[in-house]
Amino acid sequence: MISDKAIVEKGAKLGSGVVIEPFAYVGSGVELGDNCVVKSGAKLVGNTKIGENSKIYSYAIIGEACQDIGHKPSGAESVIIGKNSVIREFATINSGTFKNENCDGSTKIGDNAFIMAYCHIAHDCKVGNNIIFANNATLAGHVEIGDFTVVGGLTPIHQFVRIGEGCMIAGASGVSQDIVPFCLAEGNRAYIRGLNVVGLRRRFNKVVIDEIHSAFRKLQKAHDIKEIAAQLTNHDCEQVRKMAEFILNTTRGIPMHKGKQ
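Residues numbered from 1 in each chain as written. Predicted model: local features only at pLDDT ≥ 70, side-chain atom pairs only at ≥ 80, totals over all residues. Heavy atoms only, no water.

**With respect to the overall build of the protein**
Step number 1: Within the protein one finds four helices and 26 strands.
Step number 2: Computed over its C-alpha atoms, the radius of gyration of the protein comes to 19 Å, within 12% of the 18 Å expected for a compact globule of 261 residues.
Step number 3: The proportion of buried residues among the 261 residues of the protein is 50%.
Step number 4: Taking the intrachain contacts of the protein between residues at least 6 apart in sequence as the baseline, contacts between residues at least 24 apart amount to 31%.
Step number 5: Accessible area of the protein: about 12,200 Å², with a carbon and sulfur share of 50%.
Step number 6: Charge centroids of the protein, computed over 29 positive and 26 negative side chains, lie 5 Å from each other. (Helix = DSSP H or I, 4+ residues; strand = E, 2+ residues; numbered from the N terminus. Rg over C-alpha atoms; globule rule 2.2 N^0.38 Å. Buried < 20%, exposed > 50% of the residue type's maximum accessible area, 1.4 Å probe, protein only. Contact = heavy atoms within 4.5 Å. Areas by Shrake-Rupley, 256 points an atom, 1.4 Å probe, with all protein chains shown as cover. Lys, Arg positive; Asp, Glu negative; His and termini not counted. Charge placed at Lys NZ, Arg CZ, Asp CG, Glu CD.)

**Focus on the pattern of salt bridges**
Step number 1: Scanning all chains against the criterion turns up 13 salt bridges.
Step number 2: With a closest N to O distance of 2.8 Å, Asp210 and Lys206 form a salt bridge. Of this pair, Asp210 and Lys206 both sit in helix H2 (residues 206-221), four residues apart, roughly one helical turn.
Step number 3: A relative accessible area of 36% places Asp210 in the partly exposed class.
Step number 4: Each of Glu165, Arg203, Glu238 and Lys242 takes part in salt bridges that share partners, so that together they form one network. (Salt bridge = Lys/Arg side-chain N within 4 Å of Asp/Glu carboxyl O.)

**So, the environment of His71**
Step number 1: The residue His71 is located in the loop between strand S10 (61-62) and strand S11 (78-81) in this model.
Step number 2: The spacing of His71 and Thr97 is 26 residues in sequence and 7.6 Å in space, taken between C-alpha atoms.
Step number 3: Non-local contacts of His71, meaning those with residues more than four positions away in its chain, are made with Cys66, Glu77, Gly96, Thr97 and Phe98.

**Considerations on the pairing of strand S14 (residues 106-109)**
Step number 1: Note: S11 against S14, four bridges, orientation parallel. Paired with Ile81 across the bridge in S14 is Ile109.
Step number 2: In this sheet, strand S17 (residues 126-127) lies alongside S14 in parallel orientation, the contact comprising two bridges. Each residue of the ladder has a partner; that of Lys108, found in S17, is Lys126. (Pairing = 2+ DSSP bridges.)

Structure, rendered in structure tokens:
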């Protein structure tokens, strides 16, 4: 159902069962999957693709050009959002760039995202599946967020930061360094306090959790965290290997202890 008070530009691709409420705006390059809902006042522009069963709430703006004063849009930039996603009121998701060879022009968000009011996701971010961003969580450009990660409200994340799979970032933190998968980080600036135990228990059995705990204790005590990570790259546990590989690939550093930069 498309309201006669909505604006849907010619060229927009709408799946079956799409609902567009009054005063919503859907641009010509937008593609909406089956059963999507665009609520009153929402604005979708650019090359924006949103998967089936997603809901965009009032005054969210998706697909606008990035907030980079040096960027000159080519028209090919895009936003790609997976299925079953919820984007709440006044959230903003900017399109990607082709700023350098590492940019593919897209800002991407996976399936089952729950993005609460006033969140901001900047250009070239890559966000995984099953994430939750609480109110006013803000991602600067080029941030990477792993699957099953939760970011608390009022938390800014610095550009180029990577947050691994299954992390919990506490509210009102300020994240300027990379956060290892399955960890809990808190503070401004945020540091790793321990493991995201609640998240681990929701997904893994005791054997896997014990292996992650054992590896974390070694990393926490390490004088050289990358040296220990290198020793864990051939570990039998897949999740431990993910932690090790993440650490070895960090460019911004790992805030494993309070005050350590």
